[in-house]
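# Understanding the architecture of this molecule
Given next are the chains, with one letter for each unit.
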Amino acid sequence: MIPVCRLADLPTGESVRIDTAPPIAVFHAEGQLYAIDDTCTHQDASLADGWLEGCLVECPLHAAAFDLRTGAATCLPARRAVRTHPVTVEDGMIYVQHAAEEGTAA
Amino acid sequence: MKSVAVIGASLAGLYAARALRAEGFDGRLVIVGDESHRPYDRPPLSKDLLTGTTSPDRLALADAEEIAELDAEWLLGTEATGLDTGGRTVLLDGGRTLATDGVVIATGAAPRRLPGPAPAGAHTLRTLDDAQALRADLTRGPVRVVVIGGGFIGAEVASSCATLGHHVTVVEAAPLPLVPQLGDTMATICAALHADHGVTLLTGTGVARLHSEGAGNRVTGVELADGRLLPAEVVVTGIGVRPRTAWLEGSGLPLDDGVRCDAGCVTPLPQVVAVGDVARVDGIRAEHWTSATEQAATAAHNLLAGRTVTTHRSLPYFWSDQYGVRIQFAGRRLPGDTPRILEGSPDDRSFLACYEREGRTTAVLALNRPRPFMGQRRALARAAQPATT
Ligand SMILES: Cc1cc2nc3c(=O)[nH]c(=O)nc-3n(C[C@H](O)[C@H](O)[C@H](O)COP(=O)(O)OP(=O)(O)OC[C@H]3O[C@@H](n4cnc5c(N)ncnc54)[C@H](O)[C@@H]3O)c2cc1C
Ligand code: FES
């Protein structure tokens with residue numbers, strides 16, 4: 001389990017990048033927490049810098065969008081999904097579990 | 001419309017083909033491209049491909065599955081040499097012809113070159129083959145590189161060469177590079193990135209000629225217009241591009257700095273549309289990745305409709321990566337618009353600035369500030385087009 005930050009420090013609409021290898025982006029969207037691989041599958045932009053709209057995050061470089069719930073790329077230029085990772089909150093602290101390579105949402 | 005020929009098998013051509021299929025076109029789709037490669041992405045050529053952090057196979061714009069879904073006939077390694085608009089025929093090299101009901105012109109642009117033949121070691125950068133040839137010259141050990149032209153491509157090449165450990169000089173004819181795009185203040189800040197990384201920027205002087213010697217006629221230096229000689233083993237010329245319209249001469253289509261078309265990417269002939277770097281859409285020719293992709297959707301829609309039913313009115317946007325700094329720009333800046341820093345600082349090479357004219361924001365520029373940039377870009381896009389398109 002990787003500690004992310006305090007829930008209170010990640011208000012709705014915000015995101016944070018954690019420097020795992022590869023890095024993970026954690027989002028607080030519409031009252032839900034989501035964690036996905038931070039690097040856009042199109043090129044090399046950080047999705048934590050992306051634009052959050054509902055359950056979608058738009059990449060800040062060429063506007064590919066990903067569904068935070070499944071990691072699926074919902075529009076070009078990205079074609080591959082990003083991995084999703086389980087998120088939990090304990091005692092007001094957000095934790096991410098780094099999903100194993102096999103657990104990718106294809 | 002039973003058949004469509006897309007001429008140019010790159011970004012705009014592929015996106016147009018995709019859009020045609022997405023709009024339900026189920027006729028014959030032929031894609032003609034003079035390069036031997038399937039569509040690949042150009043922006044990484046001057047960045048990650050040159051530095052070796054990505055490989056050619058990772059630049060493909062469509063994977064095998066998508067190529068299959070597209071159900072197109074690919075004529076690669078084939079150059080279109082003419083368009084007979086009356087006969088609805090595309091002429092191909094080798095004397096072949098292609099009869100078609102609709103044509104998408106997506107032939108892009110080619111680099112401007114210095115006059116005279118290019119000696120070995122002198123490069124331009126547009127295609128994957130260009131990039132691989134340049135990279136081959138850069139991986140034989142440290143060399144002196146002179147980059148002619150300080151625009152975005154020149155700056156990216158300089159940055160990549162510096163990353164690889166080469167000794168780099170950029171020569172720019174204007175007093176300052178990037179002024180037409182960014183204006184004086186912001187151009188000064190971006191030009192300073194070169195010095196930050198040990199790259200010399202020489203401005204206000206043109207190039208007289210290249211020196212070369214030996215049996216292989218290899219480049220040895222660049223002679224400047226003021227007489228100075230810069231020794232160099234590798235020279236890269238990045239002095240802009242010209243739209244590839246030569247093959248359309250005699251077709252009757254209006255060609256002046258690109259294929260002239262209306263705001264819907266439609267030429268005076270409703271069955272011929274133009275997209276990407278080759279298209280001059282409503283008086284403006286853009287040379288950016290995002291315009292190429294967005295125009296393709298508009299053009300495909302109008303081609304199938306048989307007339308302009310939708311127009312391309314999105315906000316211009318481009319990015320550039322140099323020296324670890326991501327530069328992003330959106331909007332329509334006019335000379336005289338005043339830049340104002342909204343957050344961050346030029347000293348940190350990380351800031352967000354907007355250009356203003358009479359109290360209105362006309363454009364936005366960011367260095368390493370992607371998230372707030374996106375917010376500004378969206379706001380600008382909303383303000384620019386309240387009407388539906
Ligand atoms: C090195 C480099 C870096 C770039 N970096 C950025 C960036 O960071 N950000 C950004 O916004 N933009 C960038 N661009 C610009 C972007 O790549 C272009 O805007 C985009 O490629 C335009 O797509 P296109 O399909 O219109 O033209 P092109 O990509 O030029 O494709 C045209 C294709 O048509 C073929 N062709 C031409 N004539 C014929 C003919 N007669 N018959 C058959 N085929 C023909 C050409 O060989 C080519 O394959 C960069 C470009 C280059 C070269
Ligand atoms: S890097 Fe994300 S869309 Fe291109």
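The structure under discussion appears in the preceding block.
Read on for a plain summary of the structure.

So, how was this worked out
Residues numbered from 1 in each chain as written. Chains lettered and ligands numbered in written order. Predicted model: local features only at pLDDT ≥ 70, side-chain atom pairs only at ≥ 80, totals over all residues. Heavy atoms only, no water. Near = heavy atom within 4 Å. Polar contact = N/O pair within 3.5 Å; in protein donor to acceptor, adjacent residues only side chain to side chain. Areas by Shrake-Rupley, 256 points an atom, 1.4 Å probe, with all protein chains shown as cover. Helix = DSSP H or I, 4+ residues; strand = E, 2+ residues; numbered from the N terminus. Nonpolar A, V, L, I, M, F, W, Y, C, P; charged D, E, K, R; others polar. Core = buried A, V, L, I, M, F, W, Y, C linked by side-chain atoms within 4.5 Å. Buried < 20%, exposed > 50% of the residue type's maximum accessible area, 1.4 Å probe, protein only. Contact = heavy atoms within 4.5 Å. Pairing = 2+ DSSP bridges. Axes fitted to C-alpha atoms, helices over the stretch in contact; angles between N-to-C directions.

With that settled, the discussion passes to the site of ligand 1. All names here are of chain B. Taken together, 32 residues lie near ligand 1, and Asp34, Glu35, Arg42, Lys47 and Arg126 sit nearest. The separation between an oxygen atom of ligand 1 and a polar side-chain atom of Arg126 is 2.7 Å. Taken by itself ligand 1 offers 990 Å² of open surface, and the protein chains cover 96% of this. When residues of the shell around ligand 1 are traced back to their parent elements, those giving at least two are α1 (11–22), α5 (152–163) and β21 (317–322). In terms of residue class, the shell around ligand 1 is built from 13 nonpolar, nine polar and ten charged.

This brings us to the nonpolar core. Residues and elements named next belong to chain B. In this structure, Val90, Val104 and Ile105 are the most contacted members of the largest nonpolar core, which totals 81 residues. In terms of residues, this core owes the most to one element, α1, which gives eight residues. Beyond its immediate chain neighbours, meaning those up to four positions away, Val104 contacts Val4, Ala5, Val6, Ile7, Ala16, Leu20, Val273, Val275 and Leu303. In this structure, Leu45, Val147, Leu182 and Val234 belong to the second largest nonpolar core, which totals 42 residues.

So, about the pairing of strand β7 (residues 102–105) of chain B. Residue and element names in this part refer to chain B. The two faces of β7 match: Gly102 and Val104 on one face and Val103 and Ile105 on the other face are all buried. As paired strands, β7 and strand β19 (residues 272–274) are joined by three bridges and run parallel to one another. Pairing of Val104 across the sheet is with Val273, part of β19.

Take the sheet that holds strand β5 (residues 89–92) of chain B next. Residue and element names in this part refer to chain B. The strand order across the open sheet formed by three strands is β4-β5-β6, and the pairing between neighbours is antiparallel. Every other strand in the sheet has two partners, leaving β4 (80–84) and β6 (97–99) as the edge strands with one partner each. When strand polarity is set aside, the average angle formed by the axes of neighbouring strands in this sheet is 20 degrees. Here three bridges tie β5 to β6, and the two strands are oriented antiparallel to one another.

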